[in-house]
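Structural description and commentary
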Amino acid sequence: MPKETAVRIAIVTVSDRASRGEYADVGGPEIDAWLRYAIVTPFETIRRLIPDGKESVRSALISLCDEEEVDLVLTTGGTGPSPRDETPEGTRAVLDKELPGFGEQLRQAGLAQTPTAILSRQLAGVRGRTLIVNLPGRPASIRLSLNAVFPSIPYCLDLIGAGRIETDPSRIVSFRPSR
């Protein structure tokens, strides 16, 4: 029986202040904790902490997708309307295919909690065999967002030829159509 290969998941925190060490990264650790709570198959995480900006996001994503060959990239931060919030622009610049349903679902889930979720510009898409999903920066919003979209992520990874993820169904139910 061949050895099972661990899925590679990149967590990218996008923040000028955190990247300068002015405050601790809280988004990246929150994503990591949620993944460890929900996923039951072997996986490894690769962490990046980068400054805001289209080019820094673009460069990090190209490196992670093309050189590190990760299966999934989850970004946190830089999705609001502030001048330095350019995570969606950097993400869009590297995508082969955008998946608008992710952004729609992320905003819908956020709006159930707060009216300011309408300001969010998260998006998702595919580059090669990697799924990239932009998440908000606040820990409570990250949990809410992952709960909203993660049921679709394992099947999306199957469809693009990425690694296989299984979740603990008592924590998050992943959907795969029956054949």
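Summarised in this report is the structure supplied together with it.

Cut-offs and rules
Residues numbered from 1 in each chain as written. Predicted model: local features only at pLDDT ≥ 70, side-chain atom pairs only at ≥ 80, totals over all residues. Heavy atoms only, no water. Pairing = 2+ DSSP bridges. Helix = DSSP H or I, 4+ residues; strand = E, 2+ residues; numbered from the N terminus. Contact = heavy atoms within 4.5 Å. Axes fitted to C-alpha atoms, helices over the stretch in contact; angles between N-to-C directions. Buried < 20%, exposed > 50% of the residue type's maximum accessible area, 1.4 Å probe, protein only. Lys, Arg positive; Asp, Glu negative; His and termini not counted. Salt bridge = Lys/Arg side-chain N within 4 Å of Asp/Glu carboxyl O. Polar contact = N/O pair within 3.5 Å; in protein donor to acceptor, adjacent residues only side chain to side chain. Patch = residues over 30% accessible without salt bridge, like charges linked within 9 Å, V, L, I, M, F, W, Y side chains within 5 Å. Areas by Shrake-Rupley, 256 points an atom, 1.4 Å probe, with all protein chains shown as cover.

A word on the sheet that holds strand β1 (residues 7–14). Two strands in a sheet stick together by hydrogen bonds in their backbones, pointing the same way (parallel) or opposite ways (antiparallel). Strand order in the open sheet made by the 6 strands is β2-β1-β3-β6-β5-β4, with mixed pairing throughout. The sheet is open, and its two borders are formed by β2 (43–50) and β4 (97–98), each paired with just one other strand. Bridging between β1 and β2 involves 8 bridges; their strand directions are parallel. By the bridge assignment, Val14 is partnered in β2 with Ile50. Sheet strands in contact with helix α3 (residues 54–67) are β1, β2, β3 (72–76), β5 (124–127) and β6 (130–135), and its direction is about 160 degrees off that of β2. Contacts from helix α7 (residues 153–160) reach β3, β5 and β6 within the one sheet, and its direction differs from that of β6 by about 150 degrees.

Of note, Asp85 is situated in the loop between β3 and α4 (87–92). Within the buried set, Asp85 has no salt-bridge partner at all; the shortest N-O distance to an opposite charge, 6.1 Å, is to Arg121. Not counting residues up to four positions away in its chain, the partners in contact with Asp85 are Asp52, Gly78, Thr79, Gly80 and Arg121.

Our next topic: the side chain of Asn134. Mapping Asn134 onto the fold places it in strand β6. Polar side-chain contacts of Asn134 include one of 2.9 Å to the side chain of Thr75. A polar side-chain atom of Asn134 sits 3.0 Å from a polar atom in the side chain of Thr91. Residues within four places of Asn134 in sequence aside, it is in contact with Thr75, Thr79, Thr87, Pro88, Thr91, Leu106, Gln122 and Leu123.

Turning our attention to the environment of Ala140. You can see Ala140 is positioned in helix α6 (residues 139–149). For Ala140, a relative accessible area of 49% translates into the label partly exposed. Between the C-alpha atom of Ala140 and that of Gly27, which follows or precedes it by 113 residues, the distance is 9.4 Å.

Looking now at the environment of Cys65. For Cys65, the position within the fold is in helix α3. Cys65 gets classed as buried once you look at its relative accessible area, which sits at 7%. Between the C-alpha atoms of Cys65 and Ala162, which are 97 residues apart in sequence, the distance is 11 Å.

To continue, consider the pattern of salt bridges. The full count for this structure, using the stated rule, is 17 salt bridges. Where Glu30 meets Arg143, a salt bridge forms, and the shortest distance between an N and an O atom there is 2.9 Å. One end of the pair, Glu30, is in helix α2 (residues 27–38); the other, Arg143, is in helix α6, with 113 residues separating them in the sequence. Among the residues examined, Arg143 registers a relative accessible area of 35% and is labelled partly exposed. Each of Arg8, Glu44, Arg48 and Glu68 takes part in a single network of salt bridges with overlapping partners.

Moving on, we get to a nonpolar patch on the surface. A grouping of Leu111, Ile118 and Leu119 is seen on the molecular surface, where their side chains present a nonpolar patch of about 290 Å² in accessible area. Looking at the element boundaries, Leu111 is found in helix α5 (residues 100–111).

No statement about biological role is implied by the geometric values presented.
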